[in-house]
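A look at the structure
Spelled out from the first residue to the last, the chains are:
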Amino acid sequence: MRKYIIKRILISIVILFFVAFIIYALMRSLPTSYIETVARQKSMQPGSKSFEEWMEQLTKMYNMDKGIIPGFFGWLGNMLRGEFGDSWKWTVPVTQKFHETVWVSFTMGGIAFVLELLIAIPLGILAATKQYSKTDYAVSIIALAGISLPTFFFASLLKLVFSVKLGWFDLFGLVGRNYDYLSTVGQILDKAQHLVLPILTLVVISMGSLMRYTRTNMLEVLSADYIRTARAKGLSEHKVIYRHAFRNTLIPLVTTVGGSLPGLFAGALITETLFAIPGIGYASYHSMISGDIPFSMFYLVFLAVLTLAGNLISDILYCVVDPRVRIA
């Protein structure tokens, strides 16, 4: 197992190197850049330097005056030293903006992920054990609705009902207007109230596919010969389902759960933007549309690292959930 993990980590480093280079080349090939807007704004200030002088200074500051390959290795060297530069959009160091936003996304994504598991997996098992019943049809309808509904439509529907019609929640933002005047407990409850609709959106949109996936794999396991043997030996239905069938269903579920790791830290870009939640997804969206190359580069490489880590965790968990799996 140790040799396998070391081998996978080394392969992941090589993959990450090429992914970073592709991302850097694509970002450098953008037709417009936020740096031109910054240079133009600074050149319009009284007594300022010309637009050309500001462009020369800013491009040199961010290694934009070099070719793609020299610029990439210059950025890679800074990255290995933990220096990611300053964000052109937010005018603060990239790592500072990352720390300010990532924990909001992690809190929202983590809660949504736990609720998704607690709801989708039991309902998928229930639908499989009661195949072609009213319960099965009801669960299938809910799952298909979650898969089919676009995020922006469902989020807008929630805001229309619970914010506009009922007035229970604010339309946008993470805190209310009276946030500074509240106690510590009141501030926590205020933030929690503003996260209800975004989390509900993430749960409903995400749990449909997991629910269907659980049901499909559970039906396949329940038709296996060893399940019929277990029932023939007189084991209770609860033991047959949860001790024998569900354990074998965990193998494909581990793949889905491991692939969800990037979503916990990467933020829900569409949901955070619709609700104006200042998470990492919201910040990355505005950085990308503004041509903020330093922050966009950091965010995309961060996603690549999370994806590779999620795949490695999935492979390791195979041995945990199924002792028959052995890695040479």
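Summarised in this report is the structure supplied together with it. Given the structure is predicted, the values throughout are model-derived calculations rather than measurements. Every chain's residues receive numbers from 1 upward, in the order its sequence appears when written. The predicted origin of the model limits local features to residues at a pLDDT of at least 70 and limits the giving and counting of side-chain atom pairs to 80 or more, whereas totals for whole chains, interfaces and linings rest on all residues. Side-chain metrics in this entry use all non-hydrogen atoms of the structure; hydrogen atoms and water are not considered.

Each patch is built from salt-bridge-free residues with over 30% relative accessible area, joining like charges within 9 Å and nonpolar side chains (Val, Leu, Ile, Met, Phe, Trp, Tyr) within 5 Å. Accessible areas in this description were obtained via Shrake-Rupley with a 1.4 Å probe; residue shielding takes into account the shown protein chains only. Think of a salt bridge as a Lys or Arg side-chain nitrogen and an Asp or Glu carboxyl oxygen that are within 4 Å of each other. There is a patch of nonpolar side chains on the surface, built from Phe152, Phe153, Leu157, Leu160, Val161, Val164, Leu166, Trp168, Leu171, Phe172 and Ile270 and spanning about 1000 Å² of accessible area. Within the secondary structure, Ile270 sits in helix H12 (residues 269-275). Note on exposure labels: buried denotes an accessible area under 20% of the residue type's maximum, exposed denotes more than 50%, and partly exposed covers the range between, all computed with a 1.4 Å probe on protein chains only. The class of Ile270 is partly exposed, set by a relative accessible area of 45%. Secondary structure elements follow DSSP: runs of H or I no shorter than four residues count as helices, runs of E no shorter than two count as strands, and numbering proceeds from the N terminus.

This paragraph deals with empty space enclosed by the protein. Points on a 1 Å grid over protein atoms alone make up a cavity when a 1.4 Å probe fits among them but cannot get out, and a pocket when they form an open set with protein on both sides within 12 Å along at least five of seven lines; lining residues each have an atom within 4 Å of a point. Grid points are joined across faces, edges and corners, and a volume is the space filled by probe spheres set on the points. Going through the model one piece at a time under the given rule, you end up with one cavity of 30 Å³ or more. The computed volume of the largest cavity comes to approximately 70 Å³. Along its surface, the largest cavity is lined by Phe169, Asp170, Leu171, Phe172, Gly173, Gln193, His194, Val196, Leu197, Pro198 and Phe275. At five residues, helix H8 (residues 184-222) tops the list of elements feeding residues into the lining of the largest cavity.

Moving on to the packing of helix H1 (residues 2-28) against helix H4 (residues 68-80). Throughout, an axis means a line fitted to C-alpha atoms (over the contacting stretch in the case of helices), and angles, computed between N-to-C directions, take values from 0 to 180 degrees. Interaxial distance between H1 and H4 falls to 10 Å at its minimum, and their mutual angle equals 120°. Regarding the angle of H1 to H4, the classification is oblique. The interaxial crossing formed by H1 with H4 has right-handed handedness. Residues Phe17, Ala20, Phe21, Tyr24, Ala25 and Arg28 of H1 form the contact with H4, whose participating residues are Ile68, Ile69, Gly71, Phe72, Phe73, Trp75 and Leu76. Put simply, angles under 35 degrees are roughly parallel, angles over 145 are roughly antiparallel, angles from 65 to 115 are roughly perpendicular, and the rest are oblique. Working rule for handedness: look at the near helix, and if it is turned counterclockwise from the far one by less than a right angle, call the crossing left-handed; if clockwise, right-handed. Contacts between residues were defined by any pair of non-hydrogen atoms, one from each residue, lying within 4.5 Å.

What follows concerns the environment of Leu250. Turning to its location among the elements, Leu250 is positioned in helix H10 (residues 237-259). C-alpha of Leu250 to C-alpha of Met218: the two residues are 32 residues apart in sequence and 9.3 Å apart in space.

Any Phe, Tyr or Trp ring, taking Trp's six-membered ring, that has another such ring centre within 6.5 Å forms a pair; planes under 30 degrees apart are called stacked, those over 60 apart edge-to-face, and the others tilted. Within this structure, the stated rule accounts for 15 aromatic pairs. Judged by centre distance (5.4 Å) and plane angle (85°), the rings of Phe17 and Phe18 are edge-to-face. Owing to a relative accessible area of 30%, Phe17 belongs among the partly exposed residues under this scheme. When the ring of Phe162 is compared with that of Phe169, the centres are 6.4 Å apart and the planes differ by 70°; the resulting orientation is edge-to-face. Given the relative accessible area of 23%, Phe162 is considered partly exposed.

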